[in-house]
Amino acid sequence: MDTYIQGIIMLAGINLMAVLGLSLLTGFTGLFSFGHAGFMAIGAYSAAIVTSLLKLPFVFGIAASGVMAGVVALLIGKLTLKLKGDYFCIATLGFGEAIRLILDNFQGLGGSRGWPGIPAYTSIWNIVIVDILGVIFLANLVRSRHGRNMIAVREEELAAQVAGIDVVKYKTLALVISAVYAGVAGAFLGHYMTFIQPKMFALIKSTELTIIVIFGGLGSISGSVLGAIVLTFLPEMLRAVDKWRLVAYGAAVILIMITRPRGLMGGVELTPSGIRKVLAEHRAKRKANAERSAQ
Amino acid sequence: MTQFFQQLINGLSIGSVYAMMAVGYSLVYSIMNFSNFAHGGVIMLGAYFGFFSMTLIKLPFAAAFGLAAVGTAALAVLIERIAYKPLRDRKAPFLYFIISAMGASIFLENIVIATIGPTFRTYPQVFSRTPISIGGLSIGRLDLIMFGVSALCLVALVLFIERTKTGKAIRAASYNMKAAALMGVDTDRVVMTVFAIGGLLAGVAGVFFGMKYTVYPQIGNITLKSFVAAVFGGLGSLPGAVLGSVILGTLETFVAGYLSSQFRDLIAFVILIGVLVFRPTGIMGKPSEDKA
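Residues numbered from 1 in each chain as written. Chains lettered and ligands numbered in written order. Predicted model: local features only at pLDDT ≥ 70, side-chain atom pairs only at ≥ 80, totals over all residues.

1. Here's the deal with the overall build of chain B
- A tally of helices and strands in chain B yields 11 helices and two strands.
- Starting at the N terminus and ending at the C terminus, chain B contains elements arranged as α-α-α-α-β-β-α-α-α-α-α-α-α.
- For chain B, whose C-alpha radius of gyration is 19 Å, the value lies close to the compact-globule estimate of 19 Å for 292 residues.
- Over its C-alpha atoms, taken along the principal directions, chain B stretches across nearly 60 × 45 × 35 Å.
- Buried residues in chain B amount to 51% of all 292 residues.
- At a minimum sequence separation of 6, the contacts of chain B that also span at least 24 residues come to 75%. (Helix = DSSP H or I, 4+ residues; strand = E, 2+ residues; numbered from the N terminus. Rg over C-alpha atoms; globule rule 2.2 N^0.38 Å. Buried ≥ 20, exposed ≤ 12 C-beta atoms within 10 Å, placed from the backbone. Contact = placed C-beta atoms within 7 Å.)

Below you can see the structure in the form of structure tokens.
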């Protein structure tokens with residue numbers, strides 16, 4: 001396969017990993033984050049320390065990235081998840097930027113000039129396998145009792161609380177799991193680029209992840225998968241008009257917000273039963289229309 | 001001791017520019033309850049408007065200032081019409097506004113990169129670089145003018161909000177948009193006015209910012225700090241935004257002066273997290289109950 005195409009596939013896989021986690025937090029639990037690039041950064045640097053400095057195999061690097069991101073998320077969650085929606089959003093923004101600026105100033109890990117020479121361990125196979133595992137875990141999670149509780153928190157926080165759901169606990173759980181996904185994505189990104197730099201994990205990266213989740217559709221795993229693939233390939237195809245690509249991107253985001261805020265697949269899954277559901281609704285609507293016109 | 005006062009003056013001057021930006025964030029928040037991240041892009045374009053009217057059209061300084069402010073006011077209203085009005089009509093949750101704002105900010109930054117280019121540009125020198133010295137302290141002319149104009153703008157804003165009929169409508173809408181509408185306030189016009197005022201101040205702030213530093217498409221990222229100042233002072237509160245900005249500006253210069261300039265940017269975000277953890281409503285924000 002063409003190495004260029006291979007590269008894009010790997011990039012899509014890495015984005016997908018981060019997006020899957022964010023999909024749980026945003027799409028299923030209803031919390032928005034503008035700091036997930038911070039968790040990716042933590043993952044990327046942790047993994048690089050393990051593989052590049054300690055010379056351990058990649059598996060340990062991935063594990064370290066997930067654990068570190070998860071632990072930090074737990075701390076951040078304890079501090080900020082009692083805040084109401086928009087303030088939590090702002091807090092994550094502050095967190096993401098703070099992580100980037102700390103790494104920028106920390107000369108031990110390369111500082112703002114970055115850290116070159118990370119081994120190129122990421123391959124199509126390991127990223128695809130991890131993606132598949134990620135999807136399977138997430139699909140099972142959202143259908144479990146815990147997943148249903150998270151959706152309840154998203155739909156009606158107060159009612160969920162009254163019904164006996166520990167809202168803060170489930171928000172924390174969603175944040176930690178999403179951070180682990182982001183951390184692992186960061187590990188793969190570092191070992192794909194073989195070079196990491198704090199600048200790569202700026203606010204714009206967090207925004208991009210959130211945009212992919214919304215583009216794919218809130219509350220839909222298959223939507224997130226589709227969104228990650230489409231929104232990674234699309235900018236690459238627009239390389240010819242490189243300068244205008246992000247202009248179009250910004251305009252597209254506004255357009256989606258004002259015309260189709262549910263995204264590509266809001267709330268619908270691309271599974272046999274999901275498709276049947278949509279078709280049935282469609283048929284019912286057509287039947288109703290036909291009856292109305294017959295009268 | 002001299003150094004202390006010197007830093008204090010520098011801090012106040014940069015803080016006053018932050019204040020003009022922060023007021024824009026806070027005004028919009030007080031009416032529409034969302035953080036308008038497109039504001040950074042508007043400020044950035046203000047810096048460019050001022051720059052080009054001084055270099056290309058060769059306008060005198062004051063006229064360039066006016067043109068930049070009017071331009072950004074128009075731009076802010078335009079963004080509201082395109083990116084937020086449809087959401088307002090649909091009564092969409094605040095998150096859609098934030099995402100739309102992020103989209104607008106990406107759009108603005110990159111359209112500037114695509115058309116004007118990513119290069120750093122320096123304003124022509126307007127004021128003499130020799131500082132004025134008062135009792136052993138040297139104050140830059142630009143700093144002095146920045147502080148003066150900002151203070152003037154903010155006083156004008158307070159008078160506008162407190163004394164005029166439109167100001168009254170803005171205050172009413174910030175308490176309760178629906179009730180204000182029932183009392184005959186044209187809320188659509190209030191929203192437009194608020195964006196226009198925010199835009200005007202953004203233009204002035206953008207020109208000053210460009211003159212003090214340089215002009216480049218990513219200025220918007222630095223203006224994020226004025227957003228932090230608005231949160232620090234309490235989102236939605238105008239005096240809070242000013243106070244937060246002045247404190248942040250002073251703190252920043254002290255950190256840069258006494259510790260290290262590298263930590264200057266970090267301090268803003270550390271403050272942000274600290275404020276949110278210990279006092280989410282900031283110094284002067286009204287406590288808002290989460291109705292879930």
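2. Some words on the overall build of chain A
- Of the regular secondary structure elements, chain A holds 12 helices and two strands.
- When the helices and strands of chain A are listed from N to C terminus, the series reads α-α-α-α-β-α-α-α-α-β-α-α-α-α.
- Its C-alpha atoms give chain A a radius of gyration of 20 Å, within 12% of the compact-globule value 19 Å for 295 residues.
- C-alpha atoms of chain A, sized along the principal axes, occupy 75 × 50 × 35 Å.
- Among the 295 residues that make up chain A, the fraction classed as buried is 50%.
- Counted over contacts in chain A with a minimum sequence separation of 6, partners at least 24 positions apart contribute 82%.

3. Overview of the interface of chain A and chain B
- Listed by partner, the interface residues are 35 residues for chain A and 36 residues for chain B.
- Listing elements by their share of the side of chain A that touches chain B, those giving two or more residues are helix H3 (58–80), helix H4 (85–105), helix H7 (157–162), helix H9 (203–216) and helix H11 (242–259) of chain A.
- Tallying contributions element by element places H4 of chain A first for the side of chain A that touches chain B, with 12 residues.
- Considered class by class, the residues forming the side of chain A that touches chain B number 24 nonpolar, six polar and five charged. (Nonpolar A, V, L, I, M, F, W, Y, C, P; charged D, E, K, R; others polar.)

4. Digging into the confidence of the model for chain A
- With 98% of its residues at a pLDDT of 70 or more, chain A has an overall mean of 88.
- Between the elements of chain A, mean pLDDT differs from a low of 77, seen in helix H12 (residues 272–294) of chain A, to a high of 95, seen in helix H8 (residues 167–193) of chain A. (pLDDT = per-residue confidence, 0-100.)

5. Let's talk about helix H5 (residues 124–143) of chain A
- Here H5 of chain A is 20 residues long and its end C-alpha atoms lie 29 Å apart, about the 28 Å a rise of 1.5 Å per residue gives.
- Those residues of H5 of chain A that are buried are in contact with helix H1 (3–28), helix H6 (145–155), H8 and helix H10 (221–237) of chain A. (Expected span 1.5 Å × (residues − 1).)

6. Some words on the nonpolar core
- Counting residues in each nonpolar core, the largest one holds 187 residues, and the members touching the most others are Met 17, Met 40 and Ala 185 of chain A together with Val 23, Val 204, Ala 205 and Val 228 of chain B.
- The element that contributes the greatest number of residues to this core is H8 of chain A, accounting for 15 residues.
- Look past the residues within four positions of Val 228 of chain B in its chain and what remains in contact with it is Leu 248, Ala 268, Phe 269, Ile 271 and Leu 272 of chain B. (Core = buried A, V, L, I, M, F, W, Y, C linked by C-beta atoms within 7 Å.)

7. Brief notes about the environment of Ser 226 of chain B
Residue and element names in this part refer to chain B.
- Along the chain, Ser 226 falls in helix H9 (residues 219–233).
- The sequence separation of Ser 226 and Gly 24 amounts to 202 residues, and the corresponding C-alpha distance is 9.5 Å.
- Not counting the four nearest positions on each side in its chain, Ser 226 is found in contact with Tyr 18, Met 21, Ala 22, Tyr 25 and Ser 245.

8. Comments concerning unusual backbone geometry
- If you check the backbone angles, Thr 194 of chain A has positive phi at about 60° while not being a glycine.
- Of note, Thr 194 of chain A is situated in the loop between H8 and strand S2 (195–196).
- Look at Thr 194 of chain A and you get partly exposed, because 16 C-beta atoms sit within 10 Å.
- Unlike most non-glycine residues, Lys 58 of chain B shows phi in positive territory, near 60°.
- By the secondary structure assignment, Lys 58 of chain B is in the loop between helix H2 (39–55) and helix H3 (61–90).
- Classification of Lys 58 of chain B as exposed rests on a count of 10 C-beta atoms within 10 Å.

9. Some points on the environment of Val 23 of chain B
All names here are of chain B.
- Tracing the backbone shows Val 23 in helix H1 (residues 2–32).
- A count of 30 C-beta atoms within 10 Å places Val 23 in the buried class.
- C-alpha of Val 23 to C-alpha of Ile 197: the two residues are 174 residues apart in sequence and 9.3 Å apart in space.
- Those residues within four positions of Val 23 in sequence are excluded, and the remaining contacts are Leu 154, Leu 157, Leu 201, Leu 238, Ala 241 and Val 242.

10. Let's talk about the packing of H2 of chain B against helix H8 (residues 187–212) of chain B
Residues and elements named next belong to chain B.
- At a minimum axis separation of 7 Å, H2 and H8 run at an interaxial angle of 60°. When the axis of H2 is compared with that of H8, the two are oblique. As H2 packs across H8, the resulting crossing turns out to be right-handed. Within the contact between the two elements, H2 uses His 39, Val 42, Ile 43, Met 44, Gly 46, Ala 47, Phe 49, Gly 50 and Phe 51 and H8 uses Gly 198, Gly 199, Ala 202, Gly 203, Ala 205, Gly 206, Val 207, Phe 209 and Gly 210. (Axes fitted to C-alpha atoms, helices over the stretch in contact; angles between N-to-C directions. Parallel < 35°, antiparallel > 145°, perpendicular 65-115°, else oblique. Left-handed = near helix turned anticlockwise from the far one by under 90°.)

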